[in-house]
Amino acid sequence: MGTRLFHLALAAMFAAGAWILPNPPQAVALKGDKRPNLQMVRLHDLTIDQMNGRRLLRFTTIFVNAGRGPFELRGRRSSSSDGTMEMAQIMYRWDGSTRRIPTPAFSRYAGDGHDHWHVQDVVVYEMWRQGELAETRRGAKTGFCFFDTTPWNLSLPDARRSGYYRQEWCGVRSVLRNRVGVSVGWGDRYPWNFVFQWIDITGLPGGRYKVRATVDIQDYYDESVEDDNCTYAVIDIPAPGHGNRVDVVRKGFGCGSDAMTAVETFPDAVSIDPPRQLVFEPGMHSGYRLNSKGTVLRKMVARPRAPRHGGASVRATPPGQSGRWFYIVEGPYAGWWFKDTRRINAAP
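What follows is about the overall build of the protein chain. For the protein chain, the helix and strand inventory stands at 2 helices and 24 strands. Overall size of the protein chain, expressed as C-alpha extent along the three principal axes, is 90 × 55 × 50 Å. Counting only residues that meet the buried cut, the protein chain has 43% of its 348 residues in that class. In the protein chain, 67% of the contacts between residues at least 6 apart in sequence involve partners at least 24 apart. Total accessible area computed for the protein chain in this model is approximately 17,700 Å², and 51% of it derives from carbon and sulfur atoms. With 46 positive and 34 negative side-chain charges, the protein chain shows a spacing of 2 Å between the two charge centroids.

Printed below as a string of structure tokens:
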């Protein structure tokens, strides 16, 4: 029906007394969790720094909370002799309550002069030459004491006018508890000149590279959207000895799915069909889930008391890693990558 005919019909209904207004809608109470949504602001301040004979790519990062509730973690340890704190996510709910969600995340006391506890691997930096995965490099910064440093989008619903989470809540060396977070509409900024805020590019030739920063690459935390956690920059860097200028070709988003997805093989991998039968000797073994650039997404530690068997379908050297690795498809460790060691042997 065209707009004019629609309005004529409305007029006729009013004239005939046929239009009856319904009861006013009742307010619907929202239920459940007020989930955060972690995102990255575009990388900026990209520059090359020379330090102690090394060549470092530096840049500024900001991760932000675009969700409906705070992103908050709370840590605890049983005694001051524990070197790490277990971190749990605190989920705020629409009814005013909270719930505690255990996570695999942990924090360590910083040894970089910041003198507080850092949650490990909240944001991960990766860099590789376009078309050459073998040269994947990863960032030096692994620990983060995050809080409301930067107002980002205060027009979001429930955004605070002023910051709430504070640096001192990260805790000094002696504490047994800590608390970190980012409020709705706020961000946590790490300037380019902070310690460890770099990727070591020593020895890399000049050319075109892609730099990627991903928050919660391990998918440890409960969010409203899980695949918008990443930003990237395509850059040109000069050859060693030809200056420190970084030319930014383009910046963008939309790389989160690749960054956060575990893979079962790599382009230069050797397929093993039928799977090679391996024996994991008693002791400690570390298994990993890796993305397509060889970056660790998850780690598990197995301590078998007796030999365990597993079948490997792929042998590879993941990008940016060293040695031979096996992808296990049979047995108790199926779905994990293991680096070849003396305690992993071929089955008789």
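After that view, the rundown keeps rolling.
Right, let's get into the sheet that holds strand E19 (residues 285-290). With respect to topology, 7 strands assemble into an open sheet ordered E20-E19-E23-E22-E21-E18-E24, the strand pairing being antiparallel. Of all the strands in the sheet, the pair left with one neighbour each is strand E20 (296-302) and strand E24 (344-346). Taking each pair of neighbouring strands and ignoring which way they run, the sheet shows an average axis angle of 45 degrees. As paired strands, strand E22 (residues 325-330) and strand E23 (residues 337-339) are joined by 3 bridges and run antiparallel to one another. Opposite Trp-325, over in E23, you have Lys-339 as the bridge partner.

Let us now look at the sheet that holds strand E4 (residues 71-76). The strand order E10-E7-E6-E5-E4-E12 describes an open sheet built from 6 strands, whose pairing is antiparallel. A single partner strand is all that each edge strand has here, and the edge strands are strand E10 (143-144) and strand E12 (177-182). The sheet contact formed by strand E7 (residues 117-120) and E10 spans 2 bridges and is antiparallel. Bridging across to E10, Val-119 finds its partner in Phe-144.

Moving on: the state of the cysteines. Inspection of every chain in the model, using the stated rule, returns 2 disulfides. In this model, Cys-145 is linked to Cys-170 through a disulfide, with the two sulfur atoms separated by 1.8 Å. Around the S-S axis, the bridge from Cys-145 to Cys-170 shows a dihedral of about 80 degrees and counts as right-handed. Here Cys-170 lies in the loop between strand E11 (150-151) and E12 and Cys-145 lies in the loop between E10 and E11, a separation of 25 residues in the sequence. Neither Cys-145 nor Cys-170 differs from the other in exposure class; each is buried. Covalent S-S linkage joins Cys-230 and Cys-255, the inter-sulfur distance amounting to 2.1 Å. With the S-S dihedral at roughly -95 degrees, the linkage between Cys-230 and Cys-255 falls on the left-handed side.

Tallying each qualifying case throughout the model produces 17 salt bridges. Note that Glu-72 and Arg-179 form a salt bridge whose closest N and O atoms lie 3.0 Å from each other. A residue pair is termed long-range when its members are at least 10 positions apart, and Glu-72 in strand E4 and Arg-179 in strand E12 qualify at 107 residues. Using a relative accessible area of 0% as the deciding quantity, one classes Glu-72 as buried. Across the salt bridge formed by Lys-293 and Asp-258, the nearest N and O atoms sit 3.3 Å from each other. With Lys-293 in the loop between E19 and E20 and Asp-258 in helix H2 (residues 256-260), this pair connects stretches of sequence that are 35 residues apart. With relative accessibility at 33%, the residue Asp-258 sits in the partly exposed group. Through salt bridges with shared partners, a single ionic network connects Asp-33, Arg-35, Arg-93, Arg-99 and Asp-222.

Right, let's talk about the environment of Ala-306 for a bit. Relative to the helices and strands, Ala-306 resides in the loop between E20 and strand E21 (308-316). Note on Ala-306: relative accessible area 31%, which makes it partly exposed. If near-sequence neighbours (up to four positions away) are discounted, Ala-306 is found in contact with Phe-280 and Pro-282.

Mapping Ser-80 onto the fold places it in the loop between E4 and strand E5 (84-92). Using a relative accessible area of 59% as the deciding quantity, one classes Ser-80 as exposed.

Parameters and conventions
Residues numbered from 1 in each chain as written. Predicted model: local features only at pLDDT ≥ 70, side-chain atom pairs only at ≥ 80, totals over all residues. Heavy atoms only, no water. Helix = DSSP H or I, 4+ residues; strand = E, 2+ residues; numbered from the N terminus. Buried < 20%, exposed > 50% of the residue type's maximum accessible area, 1.4 Å probe, protein only. Contact = heavy atoms within 4.5 Å. Areas by Shrake-Rupley, 256 points an atom, 1.4 Å probe, with all protein chains shown as cover. Lys, Arg positive; Asp, Glu negative; His and termini not counted. Charge placed at Lys NZ, Arg CZ, Asp CG, Glu CD. Pairing = 2+ DSSP bridges. Axes fitted to C-alpha atoms, helices over the stretch in contact; angles between N-to-C directions. Disulfide = S-S within 2.5 Å. Salt bridge = Lys/Arg side-chain N within 4 Å of Asp/Glu carboxyl O.

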